[in-house]
Each structure stands twice: as C-alpha cells, then as structure tokens.
Amino acid sequence: PTTQKAKKNSRIKNFSVEKQMRNFDKAKRIVLKLGTNILSKDDSIDAGYVGLMAGQVNSLLKMGKHVVIVTSGAIGMGAGQLKLSNKPSDVRMRQACAAIGQPMLMAEYRKAFEQFGVTVAQVLLTAEVLNNRKTYLNLQNSLETLLKLGVVPVLNENDSISTAEIGGAPSTSLRTSFGDNDRLSALVASKIDADLLIILTDIDALYDKDPKKYADAKPIDTVFEITDCIIKSAGSKGSKFSTGGMKTKIEAAKVASNAGCKIVLANGRTKNVIERIIAGETIGTLFLPKRKLSNRERWILNSTPAGVINIDDGAIRAVKNKKSLLPSGIKSIEGTFEAGDCIWLNNKAKAVTNFSSAELETLAGKHSTEIRKLLGPKRRDVVAIPEDIVFVDY
C-alpha cells in the first residue's frame, strides 16, 4: 500500500509539473508552422483543412493573442497544378512550381480567413534578409506593424529565387536560403520574441526511436534538453513534396529555445489541435527553452557566417571569459568577408568582426597597439567585443 501511495503521489506531482509547463495563458505571441504533409490532399491544397486552421487561429485572435503563420506547400501546389506525379528534381522546375503554387496557396489562406473577417498578409523571405542586420530590423518592424493592426502574416521562403531548400548547391546559395521552413518558423519566432512555436506535422510526437521502423517506439511528452540521444531518435523525410523531417524540427527547436520560446510539435490532423494545445492538454512533444539571448545575440547566432577566424586556445579562453578578441590570438583566416559581417571563431562561436578578412590577414598575430599604425588612427583596437560574440554550445 505504501508503494502504491508513493506511485500515486508521484503521478499527481508529475501531472502538476506537466500542467504548469504547458500553461500557455500568458503566451501573447504564437508562431504556427504548417507543413506540406498536413496541408496537402491528393497532391493539392486541402481547402477544408485550411478553413479549420483559420477558425482555430481566429479563436486565438479573440483571446488577444498575436499569430504568425509559416506555411509550406507552394511547390506541392504548383506540381499538382502541372499534374506532376512526383516532386520535380530539377531546380528550375521546382522554382517554377513554387511560382505557380505560391499565389494559389495565398488565395486559399485569404478565402479561409475572410469568413472570419480576418486579413492576412503575404511575406516572402530569403535568408539574406535575416543575415543582414538592417533588413532584419526592417522585417521585424514590418511584422510588428501587421500584428498591431490585427493582421495575420503568412510567411514562406521565396522558393522562386532561393535554391538551397529546393535542391540547389549550398556553395552557390549559402546566404540566400533557410534550408527548410521548420528553421524559418523558429527564426521568425526568435525574431518577434514569440512565447510559443507550434509545429504541426503528420506525426503525433517525437519518439524515442523511429516509429516507422520500430513497433515499440514510445512518444516523448517533454524534452528538457536536446541531447545527442534526442537527435539520434529523429527519422527521415516525410511525403514526396516535403523538404523537412524530424531532424529539421529538432534543429528548429534549438533555434527557438535560444529565444526563450517553448515549442510544441504535434499532429496537425488532431481535432481542435491548436485550441487544445493552448488549453494545456498533453498533445505532442513539448520542447522547453534553456536560455534566452538578447535580440542581437540571436541575430548573430542565427546568421550564416561569411568566413572563419581561427584563434588559439588562449584567445578562446579569453572570449569565454567575456573578454574582447584581440589580433594577437588570430592564427589564420578563411573566406572573404567585410567589417560588420558575422563569422565563425573556430567552430565554437559566432561573432561580428570589426575588420575585413584582408585587414585581418595583415593584423593576425600582432599586438593591438599596431592596429592604428597599420590601418589608420580611427580604427577600433579589438577584433570583436564580448557583446558581439555568442558561443554555439552552452
């Protein structure tokens, strides 16, 4: 009896803790990511499903919450319109499918939300918009204005000109593509200081191993930390038109986590899924944030590095202790970049450099006092200040 009572008390305690972790009453800003798999039906958009999602989003708006939608599906819709039986592999054809499918996709969103008197706005992005600090802030201001107006922004990657996600060579599109819309949704959540990111897909939750391969796979209700074991449990891609998989969703959870944003991954076909998540039901997998970086730190961490500054062990220790990076600690330079670009420090941290790659080739290994002698009297005497250095692992 004593053991049974202890187990019962433990279950009650765990339920109480879970309930508190899934309390979204104070979640003011919510990003909703809708994947291709759940938006599609017979290789086209499922208009009925979009309508159901619009109704649930409208309920959130009535509660005083701000909602941003990150959508997939443009390529799939374009391919369906062209009656292609499989996802096109040719980059130009996929860009063409995106150009055809994107206006069709937005037409469905507009029609779905019109029945509730809600206005939607289309925002198409490339990664370079977020990599550049000025356009990053401009986009932030634009979204802030839309949300204050009660508009629901519908975001998608501009697949007609971005190539990495849809099959282009990374070497030629390194700074123009996000890679997948899971990552895009996390970057958006980070940028607008969202409280909650809901990723809706065609699976119920994150499992301890691939449920498609193992019958005894068990769902994970809560992820407190994204460990190597969690990453290994991820499966592969979903449908023929989707680009993401569980691994991309875990990577997205890492990005959102650095903004102090909770993430819920759930099956988008679950009845009233959004409303039930907000009500605190244990649906899908909850990823808990571990740290909250400042807006600038998040921009640095999520930007695509333009190059690498290789530094010695002493310099690594110094920057870890919140010291500036000095030229004396530089061993070598990789890539071509300008002052103000985001770069790697070895493979451990990202930083905004005060000097170009050409200037650093001249300064490497030299004392700070030589900077102004070599480059002029008005130059800064450090390569990067502590506020502009963010370590990737924590």
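Here, every reference points to the structure presented above.
Residues numbered from 1 in each chain as written. Predicted model: local features only at pLDDT ≥ 70, side-chain atom pairs only at ≥ 80, totals over all residues. Heavy atoms only, no water.

**Examining the overall build of the protein chain**
- Broken down by element type, the protein chain carries 15 helices and 15 strands.
- Split into buried and exposed, the 394 residues of the protein chain put 53% on the buried side.
- Across the protein chain, the fraction of contacts at a sequence separation of at least 24, relative to all contacts at a separation of at least 6, is 72%.
- Surface exposure of the protein chain reaches about 18600 Å², of which carbon and sulfur atoms provide 51%. (Helix = DSSP H or I, 4+ residues; strand = E, 2+ residues; numbered from the N terminus. Buried < 20%, exposed > 50% of the residue type's maximum accessible area, 1.4 Å probe, protein only. Contact = heavy atoms within 4.5 Å. Areas by Shrake-Rupley, 256 points an atom, 1.4 Å probe, with all protein chains shown as cover.)

**A look at the nonpolar core**
- Formed by 44 residues in total, the largest nonpolar core has its most connected members in Val-31, Leu-155, Leu-197 and Leu-206.
- Taken together, the elements giving at least two residues each to this core come down to β4 (66-71), β5 (120-125), α7 (133-148), α8 (181-191), β7 (196-201), α10 (246-257), β9 (262-267) and α12 (295-302).
- With six residues, α10 is the largest single contributor of residues to this core.
- In this view, Leu-197 contacts Val-31, Ser-185, Ala-186, Ala-189, Ala-256, Cys-261, Lys-262, Ile-263 and Val-264; residues no more than four positions away in its chain are not counted.
- With 40 residues, the next largest nonpolar core counts Met-21, Ile-38, Tyr-49 and Ala-266 among its residues. (Core = buried A, V, L, I, M, F, W, Y, C linked by side-chain atoms within 4.5 Å.)

**Quick look at the packing of aromatic side chains**
- Counting across every chain of the model gives zero aromatic pairs.
- Lys-350 extends its terminal NZ or CZ atom over the ring of Trp-344, reaching a point 5.2 Å from the ring centre. (Phe/Tyr/Trp six-rings, centres within 6.5 Å; stacked < 30°, edge-to-face > 60°. Lys NZ or Arg CZ within 6 Å of the ring centre and 35° of its normal.)

**Topic: a nonpolar patch on the surface**
- A cluster of nonpolar side chains, namely Leu-82, Met-93 and Ile-100, defines an oily patch on the protein surface of about 220 Å² accessible area.
- Structurally, Leu-82 is set in the loop between α4 (74-81) and α5 (91-114). (Patch = residues over 30% accessible without salt bridge, like charges linked within 9 Å, V, L, I, M, F, W, Y side chains within 5 Å. Salt bridge = Lys/Arg side-chain N within 4 Å of Asp/Glu carboxyl O.)

**Remarks on helix α3 (residues 47-62)**
- End to end, α3 covers 23 Å across 16 residues, agreeing with the expected 22 Å (1.5 Å per residue, within 8%).
- Gly-64 lies just past α3 and shows a positive phi near 90°. (Expected span 1.5 Å × (residues − 1).)

**Let's talk about the pairing of β7**
- Burial runs high along β7: six of the six residues are buried.
- Burial along β7 is two-sided: Leu-196, Ile-198 and Leu-200 and Leu-197, Ile-199 and Thr-201, pointing in opposite directions, are all buried.
- Where strand β1 (residues 29-34) meets β7, five bridges bridge the pair, whose relative direction is parallel. Bridge pairing links Ile-30 to Leu-196 in β7.
- Here β7 pairs with β9 via six bridges, running parallel. Within β9, the residue paired with Leu-196 across the bridge is Lys-262. (Pairing = 2+ DSSP bridges.)

**Description of the environment of Val-383**
- With respect to the helices and strands, Val-383 occurs in the loop between α15 (371-375) and β15 (389-391).
- Through-space distance from the C-alpha of Val-383 to that of Ile-330 is 9.5 Å; in sequence the pair is 53 residues apart.
- Beyond its immediate stretch of four places on either side in the chain, Val-383 contacts Ile-309, Leu-325, Leu-326, Pro-327, Ile-330, Val-352, Thr-353, Asn-354, Phe-355 and Leu-360.

**Comments concerning unusual backbone geometry**
- Despite not being glycine, Asp-193 shows a phi value in the positive range, around 55°.
- Phi at Asn-346 takes a positive value of approximately 50°, unusual for a residue other than glycine.
- Among the secondary structure elements, Asn-346 is positioned in the loop between β13 (342-345) and β14 (349-352).
- The exposure class assigned to Asn-346 is buried, which follows from its relative accessible area of 18%.

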